[in-house]
Amino acid sequence: MNLVLFGPPGSGKGTQSQRLVESYSLSHISTGDALREAIRKRTPLGLQAQAIIARGELVSDALVTSLLREKIAPLRENTDSFLFDGYPRTVPQAATLAEICDEFRLQPPATLNLHVPDELLIRRLTGRRICPSCGEVFNIYFKPSTLAGVCDVCAGPLVKRVDDDPETTRERLRIYHDQSSPVLDYYAERGVLYTIDANGTTDEVFEKIRSVIEEHY
Ligand code: AMP
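What this report covers is the structure whose coordinates are included nearby. Counting from 1, residues in each chain are numbered in the order their sequence is written. Totals for whole chains, interfaces and linings use all residues, but because this is a predicted model, local features are given only for residues with pLDDT of at least 70 and pairs of side-chain atoms are given and counted only at 80 or more. The basis for the side-chain values is all heavy atoms of the structure; hydrogens and waters are excluded.

1. A short note on the site of the ligand
- Residue proximity to a molecule or strand is established when one non-hydrogen atom of the residue lies within 4 Å of it. Inspection of the region around the ligand gives 15 residues, with Thr31, Arg36, Glu57, Gly86 and Gln93 positioned closest.
- Distance and chemistry together define a polar contact, namely a pair of N or O atoms within 3.5 Å, with one atom able to donate a hydrogen and the other to accept it when in protein, and with adjacent residues in sequence counting only for side-chain atoms on both sides. The contact in question runs from a nitrogen atom of the ligand to an N or O atom on the backbone of Val59, over 3.1 Å.
- Within the contact set of the ligand, a nitrogen atom lies 2.9 Å away from a side-chain nitrogen or oxygen of Gln93.
- Protein burial of the ligand: of its 480 Å² of free accessible surface, 96% is covered by the chains.
- Helix numbering and strand numbering both begin at the N terminus, where a helix is a DSSP run of H or I of at least 4 residues and a strand a DSSP run of E of at least 2. In terms of residue count, helix α2 (residues 31-40) provides more of the shell around the ligand than any other element does, four residues in total.
- Residue polarity is assigned by list, with Asp, Glu, Lys and Arg as charged and Ala, Val, Leu, Ile, Met, Phe, Trp, Tyr, Cys and Pro as nonpolar; anything else, Gly included, falls into the polar class. Looking at the shell around the ligand residue by residue, the classes come out as six nonpolar, four polar and five charged. In these tables, accessible area is a Shrake-Rupley quantity obtained with a 1.4 Å probe, and a residue counts as shielded only by the protein chains included in the view.

2. Thoughts on the pattern of salt bridges
- Whenever a carboxyl oxygen of Asp or Glu lies within 4 Å of a side-chain nitrogen of Lys or Arg, that contact is scored as a salt bridge. In the structure shown here, the tally under the stated rule is 15 salt bridges.
- As a salt-bridge pair, Lys41 and Glu37 come within 2.8 Å of each other at their nearest N and O atoms.
- We note a salt bridge from Glu207 to Arg210, for which the minimum N-O separation is 3.3 Å. Of this pair, Glu207 and Arg210 both sit in helix α9 (residues 202-216), three residues apart, which is roughly one turn of the helix.
- Burial classes: relative accessible area under 20% of the type maximum marks a residue as buried, over 50% as exposed, and values in between as partly exposed (1.4 Å probe, protein chains only). Arg210 gets classed as partly exposed once you look at its relative accessible area, which sits at 30%.
- Counted as one network, the salt bridges with shared partners bring together Arg128, Arg161, Asp163, Asp164 and Arg172.

3. Some details on a nonpolar patch on the surface
- Side chains of Ile140, Tyr141 and Phe142 sit close together on the surface and give an oily, nonpolar patch of about 300 Å² of accessible area.
- Inspection of the secondary structure puts Ile140 in the loop between β6 (137-139) and α7 (166-180). Residues forming no salt bridge and having over 30% relative accessible area are the ones grouped into patches, like charges within 9 Å of each other and nonpolar side chains (Val, Leu, Ile, Met, Phe, Trp, Tyr) within 5 Å.

4. Topic: the nonpolar core
- By convention a nonpolar core is built from buried Ala, Val, Leu, Ile, Met, Phe, Trp, Tyr and Cys residues, the set being connected through side-chain atoms within 4.5 Å. If you look at the biggest cluster of nonpolar residues, it comprises 31 residues, and the most contacted ones within it are Leu35, Val59, Leu68, Ile72, Phe84, Leu97 and Tyr187.
- Elements with a contribution of two residues or more to this core: β1 (3-6), α2, α3 (44-54), α4 (61-76), β3 (82-85), α5 (91-103) and α8 (182-189).
- With five residues, α4 is the single largest residue contributor to this core.
- Should any heavy atoms of two residues lie within 4.5 Å, those residues are counted as being in contact. Once residues lying within four places of it in the same chain are set aside, the contact partners of Leu68 are Ile29, Thr31, Phe84, Tyr87, Leu97 and Ile100.
- Core analysis: the second largest hydrophobic core is formed by 21 residues, Leu3, Ala110, Leu121 and Phe206 among them.

Structure follows, in structure tokens:
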């Protein structure tokens, strides 16, 4: 089984990916995580992507696709079940993913679309605080840490993602509606789009995802 987890920034793709990976033994590929790793390691690709991500824009299809191929190739030796998180984000990327699946002899993916209204996305993104040490995620509006700015799990300092400031958040949502949402039509035309109302708790949303998967796979 191959899945694309699709949705606007702040729709909970990262959180739901973790749950899906645990429940269905999928190999998780997040292009956002891979890009942040490349930036941390200061690779040539990371250096090219850094300013683009900080502005809330999309990295070029060519760059992000080469990163995707790099991630799939070693994992493919041991698995035929992937969860693509954050890719595709444009229609050309969706077409490329179909080619990549062919090339790596993978089943064409089904797409789970997490739908969340924009007003809620803005609070989720601008309120998000992350612990870089242990990866725990908080939100000053919905899930505040006990002590402001301090991780409840490991007591490390919490930080904001550079692209979570209000101005960049608005730009990311504009780009989502403009460039990414047409991907929904691409998958709907192929009969493999499942839209989930993702305005709920992590558990509630995961239950909805689970019932879609169990019904269709
Ligand atoms: P994410 O963690 O998925 O929200 O991704 C963070 C940022 O990485 C995005 O705002 C984009 O700048 C970049 N990015 C991640 N995936 C892609 C993609 N498939 N195509 C273009 N840019 C991407």
